[in-house]
Amino acid sequence: EAARAAGGVARISGDNLEQVVALVEWPAPVTCGFERDFLAVPQEALIETMEINQKFFPVLTEAGALTERFIGIANIESADVDKVRAGYERVIRPRFADARFFFDEDLKQGLEAMGAGLATVTYQAKLGTVADKVQRVAALAGAIAAQVGIDPTQARRAAELSKNDLQSRMVNEFPELQGIAGRHYAVAAGEPEAVALAIDEAYRPRFSADDIALSPLGKVLAVAERLDTLAGGFAAGLKPTGNKDPFALRRNALGLARTIVESGFELDLARLLDEAMDAAYEDMGRLGTVVKQGAAPGSTFKWAITQDLYAFILDRLRGYYADKGVPATHFNAVAALEPASLYDFDRRLDAIGQFAALPEADALAAANKRIGNILRKVEGDVSDAIDPAALVEPAEERLAEALLGVETAANAELAQRNYVTALKHLAQLREPIDAFFEGVMVMAEDARVRANRLALLKRIDDRFRSVADISLLAGG
């Protein structure tokens, strides 16, 4: 109400509100103000000062821009509110003056010049300096941008500037402004708007409930940043154990997965992890800090670490989908195929959800489980070439005919990654599969007949496994 009376809207963050409620017994709002000149400072710095240092409530416009008004909460209904107001305004001015000084001095130095100091700042003992990390991220960002149709030059430029604000006076005083300050300095330096925004958005999601980056370039930089952090962390032997996760690798893995899935980026995650791991090991080799000898790019040891990292990311994704209500069996059915693209993983998972609702789903899942068990017991390779002349029982003839009848349509849909439609085509096989198992003995004495029946089952198994391991949907 006080903010509305001041012509704006109060910014009421949950943390700030909770603290103020705990600090006062008789809350009385006091509307205050400061000089408009301070609004030239990035509003995030002013808001940070008001909320964190003084527990005040900023007043914003309807569009979300900071105004020169704020609300302090007194613990008494004062007989002289003007004195209370003067006190609130007096304590905030020095902090604002400091922020303005830091901002002005940083602008004089310029974002480009700030980057010179990164070569002297250690990122991690085994992985080198922050400047080393920046170069790795820039290479990844350029490669990712090219794959998703974004200007690689801009991606590399955004990456090269993304850590420079760590050397700024503003971020030294307000660490929470990493990226945010960089965006302001990039704009002031005349960098393209997309580059400036990406510097800020590379940190998103900043916390569990935060949105991913919104701009295409910001998404690319967010993915590249997390790929390097994760690959470097695993290469340096920093995989989280128990509650210890000093480099926030779990949070980075979830942020990476969310950004790829929610952006709809078709990226080969395994290949990107391999590239990021190679770059990390190359720097570690140069620095003489390789954790294990023989862990050079392309080594078996490095491949095992990359596989471990892929599984680590999938495990974070498991929790993400569990929060969305996706059954673990559905997730496991898709994860069994280890799709290279996490966006493709998401599409397959959606298809499995729709398939599981079909009346044929349970019977087909059970049949696929039975097929899988049979095929696993066969020694040697099983061909998927069906010989029509070796079909001797009516039930196997009908199954082969039904399979050939839906296979062409299903394959066409699979080629377009229309997984839902493909599974609906394959669902038509339920009755002929049931009839086959009721009337046909797969492991016939005649080697030719037996091999042909196994080929028929292999062909069915391959078609279903083109989407997911349907057998994992079966109970028991």
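For the structure, check the block above.
To start, this report covers the structure provided alongside it. (Residues numbered from 1 in each chain as written. Predicted model: local features only at pLDDT ≥ 70, side-chain atom pairs only at ≥ 80, totals over all residues. Heavy atoms only, no water.)

### Focus on the packing of aromatic side chains
Logical step 1: Per the counting criterion, the structure on display carries 15 aromatic pairs.
Logical step 2: With a centroid separation of 5.1 Å and 70° between ring planes, the pair formed by Y320 and Y321 is classed as edge-to-face.
Logical step 3: On the numbers, 6.2 Å between centres and 50° between planes, the contact of Y321 with F331 is tilted. Of this pair, Y321 sits in helix α14 (residues 300–323) while F331 sits in helix α15 (residues 328–335), and the two are 10 residues apart along the sequence. (Phe/Tyr/Trp six-rings, centres within 6.5 Å; stacked < 30°, edge-to-face > 60°. Helix = DSSP H or I, 4+ residues; strand = E, 2+ residues; numbered from the N terminus.)

### A short note on the nonpolar core
Logical step 1: Counting 136 residues, the largest nonpolar core has L227, I313 and L317 as its most contacted members.
Logical step 2: Looking at which element gives the most residues to this core, the answer is helix α11 (residues 216–235), with 10 residues.
Logical step 3: Discounting chain neighbours no more than four positions away, the residues touching L227 are L140, I144, L256, L269, L272, L273 and A276.
Logical step 4: Within the second largest apolar cluster, six residues are counted, among which are A2, A3, F57 and V59. (Core = buried A, V, L, I, M, F, W, Y, C linked by side-chain atoms within 4.5 Å. Buried < 20%, exposed > 50% of the residue type's maximum accessible area, 1.4 Å probe, protein only. Contact = heavy atoms within 4.5 Å.)

### Description of the environment of E35
Logical step 1: Looking at the secondary structure, you find E35 in the loop between β2 (28–33) and α3 (43–53).
Logical step 2: Residue classification places E35 among the partly exposed residues on the basis of a relative accessible area of 36%.
Logical step 3: Considering only alpha carbons, one finds E35 and D315, 280 residues apart in sequence, at a separation of 51 Å.
Logical step 4: Among the polar contacts listed, one links the side chain of E35 to the side chain of R93, at a separation of 3.0 Å. (Polar contact = N/O pair within 3.5 Å; in protein donor to acceptor, adjacent residues only side chain to side chain.)

### Looking at the side chain of T67
Logical step 1: Positionally, T67 belongs in strand β4 (residues 66–74).
Logical step 2: In this structure T67 comes out as buried when scored by relative accessible area, which is 13%.
Logical step 3: Look past the residues within four positions of T67 in its chain and what remains in contact with it is F34, L39, V59, L60 and T61.

### Thoughts on the side chain of N368
Logical step 1: Tracing the chain through its elements places N368 in helix α17 (residues 361–376).
Logical step 2: Ignoring any residue separated from it by four or fewer positions in sequence, one finds N368 in contact with D461, F464, I470 and S471.

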